[in-house]
Amino acid sequence: MSRFIRGARLAALLASTVLISTALAVSASAQSSPKVGDPPEAKDMRLVGWNDLQARSAYQPTVHKQGDRYIAYIGHHGGTPDVPKPMNPLTGQAEFNGTSIIDVTDPSKPKYLFHLPGQEGNYEAGGGQMTSVCDGKTLPKGDPNAVYLLRTFGGQGHEIWNVADPSHPKLVSRPSWDLKDTHKSFWECDTGIAYLVSGVPSWRTRRMTEVFDLSDPAHPVKIRDFGLVGQEPGTSGTVPTELHGMISTGPQGNRVYFGYGTNKGGVLQIVDREKLLKGPKEPTPENLRAPVVGQLDMMPTNGAHSTIPLMQVAVPEFAKDSEAKLRDFVMIVDEQIRNECQEPRQMVWFADVTIESRPMVVSNFQVPEASGHFCDRGGRFGSHSASESTAPVFYKKVAFVTYFNAGIRAIDIRNPYAPKEIGYFIPSITEATDKRCIKVDGKDRCKIAIQSNNVDTDDRGYVYVVDRANTGMHILELTGEARKIAGQP
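Only a predicted model underlies this, so the values are computations on that prediction, with no experimental measurement involved. (Residues numbered from 1 in each chain as written. Predicted model: local features only at pLDDT ≥ 70, side-chain atom pairs only at ≥ 80, totals over all residues. Heavy atoms only, no water.)

## Comments concerning the overall build of the protein
Counting its regular elements, the protein contains five helices and 32 strands. A globule of 489 residues ought to have a C-alpha radius of gyration of about 23 Å, and the protein, at 24 Å, matches this closely. Its C-alpha atoms give the protein principal-axis dimensions of roughly 95 × 65 × 55 Å. Relative to its 489 residues, the protein shows a buried fraction of 56%. Within the protein, contacts between residues separated by at least 24 positions form 58% of all contacts whose residues are at least 6 apart in sequence. Here the protein displays about 20,400 Å² of accessible surface, and carbon together with sulfur accounts for 54% of that area. Charge-centre separation for the protein: the mean point of 54 positive side chains lies 5 Å from the mean point of 55 negative side chains. (Helix = DSSP H or I, 4+ residues; strand = E, 2+ residues; numbered from the N terminus. Rg over C-alpha atoms; globule rule 2.2 N^0.38 Å. Buried < 20%, exposed > 50% of the residue type's maximum accessible area, 1.4 Å probe, protein only. Contact = heavy atoms within 4.5 Å. Areas by Shrake-Rupley, 256 points an atom, 1.4 Å probe, with all protein chains shown as cover. Lys, Arg positive; Asp, Glu negative; His and termini not counted. Charge placed at Lys NZ, Arg CZ, Asp CG, Glu CD.)

## Brief notes about the nonpolar core
Formed by 60 residues in total, the largest nonpolar core has its most connected members in Phe258, Met331 and Ile332. A per-element tally of this core places strand β22 (residues 326-333) first, with five residues. Judged by nonpolar contacts, the second largest core, of 18 residues, contains Ala391, Ala410, Phe425 and Leu478. (Core = buried A, V, L, I, M, F, W, Y, C linked by side-chain atoms within 4.5 Å.)

## Observations regarding the sheet that holds strand β24 (residues 360-365)
The four strands are arranged β21-β22-β23-β24 in an open sheet whose pairing can be described as antiparallel. Each edge of the open sheet carries a strand with a single partner, namely β21 (306-314) and β24. Strand after strand, the sheet turns through a mean of 25° between neighbouring axes, direction not considered. Looking at chain direction, β21 and β22 are connected through seven bridges and run antiparallel. Residue pairing for β22: Ala314 is matched across the bridge by Leu326. (Pairing = 2+ DSSP bridges. Axes fitted to C-alpha atoms, helices over the stretch in contact; angles between N-to-C directions.)

## So, the packing of aromatic side chains
All chains considered together, the criterion is met by nine aromatic pairs. Measuring from ring centre to ring centre gives 5.4 Å for Phe226 and Phe258, while their planes differ by 45°; the resulting arrangement is tilted. Within this pair, whereas Phe226 is found in strand β16 (residues 221-226), its partner Phe258 is found in strand β18 (residues 255-260), the two being separated by 32 residues in sequence. Centroid distance Phe394 to Phe400: 4.8 Å. Interplanar angle 80°. Geometry classified as edge-to-face. (Phe/Tyr/Trp six-rings, centres within 6.5 Å; stacked < 30°, edge-to-face > 60°.)

## Details of the sheet that holds strand β31 (residues 463-467)
Read from one edge to the other, the open sheet built from four strands follows the order β2-β32-β31-β30, with strand pairing classed as antiparallel. Among the strands making up the open sheet, the edge pair consists of β2 (45-51) and β30 (452-457). Direction aside, neighbouring strands of the sheet carry axes that sit 25° apart on average. Sheet topology places β2 next to strand β32 (residues 473-478); six bridges connect them, and they run antiparallel. Bridge pairing in β32 places Trp50 opposite His474.

## Focus: the pattern of salt bridges
The final tally for this structure, using the stated rule, is 30 salt bridges. With a closest N to O distance of 3.1 Å, Lys435 and Asp82 form a salt bridge. Highlighted residues: Lys435 in strand β28 (residues 435-440) and Asp82 in the loop between β4 (69-76) and β5 (87-88), separated in sequence by 353 residues. Note on Lys435: relative accessible area 37%, which makes it partly exposed. Look at Asp82 and you get exposed, because its relative accessible area is 59%. (Salt bridge = Lys/Arg side-chain N within 4 Å of Asp/Glu carboxyl O.)

## A short note on unusual backbone geometry
Keep in mind that most residues, glycine aside, have a negative phi and that most peptide bonds are trans. One non-glycine residue, Ala324, lies in positive phi territory at about 55°. In this fold, Ala324 is placed in the loop between β21 and β22. Residue Asp441 is not a glycine yet carries a positive backbone phi of 55°. Among the secondary structure elements, Asp441 is positioned in the loop between β28 and β29 (443-448).

Below you can see the structure in the form of structure tokens.
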């Protein structure tokens, strides 16, 4: 054997050893939990700006253009037993978590403007999780000089504030109060109709729907109560899974898509909006069924946290077909609620609802656990929420789904039969990032983990993701191939 051949084999062996060593190092790094000081993990997404949100646990971000400014309204969970009232540096006072108001006109330098305190309580029991914003000049009977913030006050009720001057909010009204719970409502700015996730005391469930006319926010008018048959007052038997939220397509689309169940017993309900608003209002089984045009009952192991309509999608594969080139879909996002994979995996489903009476799940999206050894990182791993914006920059092209300790995932949804990931961003943990625990042999085992919670986007193409574990708000943008798919320059 020549020295040349022996040398080539030795070189190949050394190269192989280097590759194996590198792979082992990467694998070991992936298996270890992130720590303070580690860089973010990202693919085709870039950090533009960040705000710590006063180290408050965050739920719903809503970004609204007000004149030449962009303002972010962030709803918060309650505090923690360790810090029930975080300090507000702007006032020097400890305040129960409520709503943060941030100027994001320059996304690289977000400026904290105001904190509007919420209900006393920790975790889900307090705060003010939900935010929705409408301009007074858009609402049929609103003050044209006002900008209205609809928010929850913990589980107690719903409030409307005038935030035309976002640094000085003024209370306008409380449409519904003394409830068992609240959650993720929807407000049609062009009509004023609002679908409020509420817990009316007489109903048998913690969360159902109160429909209100909020076209004049100062004078709310209740239209009706609505929910699944078996939740209404005066019935008996098993109570169906509670409501999580809904999305309306307004009078143009004449549909409201309700999502029931969080992590189990999910139900997608497709409702005729006009029949809901104008039909008989007494909550009898017949009247509750009357506006329903379609329903999809999911597996007992999965919920329907978010139900996002994607209407009239031109599926590329069907371009040459004589019929059904355009399809209607609903993206259904479950919510993982237990830490460290202690329950069935929650993920994203795409249902073809072109034939509304026969909706069918046709695909799903999930993040492979092994790609980041996420079950070992601590906290929740699984889907939670998605951006609901219909702004042309991303709608029906790219969906952004939060995945707790796996950060935020960007998904190409141009063909809902074959969704695919095109980018992600997992923020760095900070000194403020809160612990997440599970019981092991009767004792708490706690880990520090990112918990990317909810997301919104604006018409400029910026992505806003907030963290459940007190790590603040990260403002992102797509880069590389993902940016091209969205059609951004």
